[in-house]
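# Close look at the chain arrangement
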Amino acid sequence: MPFIGVFAKENDNNFIKNEICKNSKTKKFEVFNINKKSLDNLKNVKFDVLIIKEDISKLLETSNYIRNIIEKANYILVNIDIKDNKILVEKNKSMITYGFNTNAKITISSIKEDNIMLCIQNKIQDINEKIIEEQEVGIKIMKHNINKLYNIMAVFTVLKIYGEFIPYTLS
């Protein structure tokens, strides 16, 4: 059972958790929201995937637990559009970056009404050490979820590295 840790606001965490669990057919994921309050309880958990959607620079300054969590994680997904998160990428080459930044490994190449084209710009290795080649995947999204594009990129990446079938529609 893969453990997923999410540094995000609670509503974003809930969206990511619901979409991963709803669209996973072969694995049962456990998704945890990591914040200042929960950090003490989760300090010894080894996460298979760590999603960093928010700026965690202030938490990094005040807590050594976060550094330990990051170092122990197998995969680290970082929203590279957040300026202070770029420091994390420079220190760890095993991270998967996502966002609208041209240097992101996972990005969105086009948005049309309720359709997006997700793009893997650089090869990624999945949990079975199989290489996921550069590609574009069309996904239909609900109109009210256009504001959740960062969450959709994170959900897509988690499902992809675990070999899950990516649905053509995400809620």
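Residues numbered from 1 in each chain as written. Predicted model: local features only at pLDDT ≥ 70, side-chain atom pairs only at ≥ 80, totals over all residues. Heavy atoms only, no water.

### Details of the environment of I139
Looking at where I139 falls in the secondary structure, it is placed in strand β10 (residues 135-141). Linking I139 and I152, residues 13 residues apart in sequence, is a C-alpha distance of 9.6 Å. (Helix = DSSP H or I, 4+ residues; strand = E, 2+ residues; numbered from the N terminus.)

### With respect to the side chain of N13
Following the sequence through the fold, N13 ends up in helix α1 (residues 10-23). Beyond its immediate chain neighbours, meaning those up to four positions away, N13 contacts V6, A8, V31, F32 and N33. (Contact = heavy atoms within 4.5 Å.)

### Focus on unusual backbone geometry
Residues apart from glycine generally show negative phi values, whereas peptide bonds are mostly found in trans. Of note in this structure, E129 is not a glycine but carries a positive phi near 65°. Locating E129 in the fold gives a position in the loop between β8 (124-125) and β9 (131-132).

### Concerning the packing of aromatic side chains
Taken as a whole and assessed by the stated rule, the structure comprises four aromatic pairs. Seen from their ring centres, F32 and F47 are 5.9 Å apart, and the 70° between their planes marks the pair as edge-to-face. Note that F32 is positioned in strand β2 (residues 30-33) and F47 in the loop between α2 (39-42) and β3 (49-52), a separation of 15 residues in sequence. Its relative accessible area of 24% is what places F32 among the partly exposed residues. (Phe/Tyr/Trp six-rings, centres within 6.5 Å; stacked < 30°, edge-to-face > 60°. Buried < 20%, exposed > 50% of the residue type's maximum accessible area, 1.4 Å probe, protein only.)

### Here we look at the pattern of salt bridges
What the rule picks out here adds up to six salt bridges. For the salt bridge of D40 with K43, the shortest nitrogen-to-oxygen distance reads 3.4 Å. With relative accessibility at 25%, the residue K43 sits in the partly exposed group. Here K123 and E133 are joined by a salt bridge, their closest N and O atoms 3.8 Å apart. With a gap of ten residues between them, K123 in the loop between β7 (115-120) and β8 and E133 in the loop between β9 and β10 connect regions that are remote in the sequence. For K123, a relative accessible area of 47% gives the class partly exposed. Each of D12, K53, E54 and K148 takes part in a single network of salt bridges with overlapping partners. (Salt bridge = Lys/Arg side-chain N within 4 Å of Asp/Glu carboxyl O.)

### A closer look at the environment of K105
Note on placement: K105 falls in the loop between β5 (95-98) and β6 (106-112). We classify K105 as partly exposed; its relative accessible area is 22%. For the pair K105 and E134, spaced 29 residues apart in sequence, the C-alpha to C-alpha distance is 9.1 Å.

### Some thoughts on the packing of α1 against helix α6 (residues 149-161)
Their axes nearest at 10 Å, the elements α1 and α6 cross at an angle of 35°. Like other packed secondary-structure pairs, α1 and α6 cross with a definite hand, here right-handed. Mapping the contact onto sequence places D12, F15, I16, E19, I20 and N23 in α1 and N151, I152, A154, V155, V158 and L159 in α6. Of the residues assigned to the contact of α1 with α6, the class counts are eight nonpolar, two polar and two charged. (Axes fitted to C-alpha atoms, helices over the stretch in contact; angles between N-to-C directions. Left-handed = near helix turned anticlockwise from the far one by under 90°. Nonpolar A, V, L, I, M, F, W, Y, C, P; charged D, E, K, R; others polar.)

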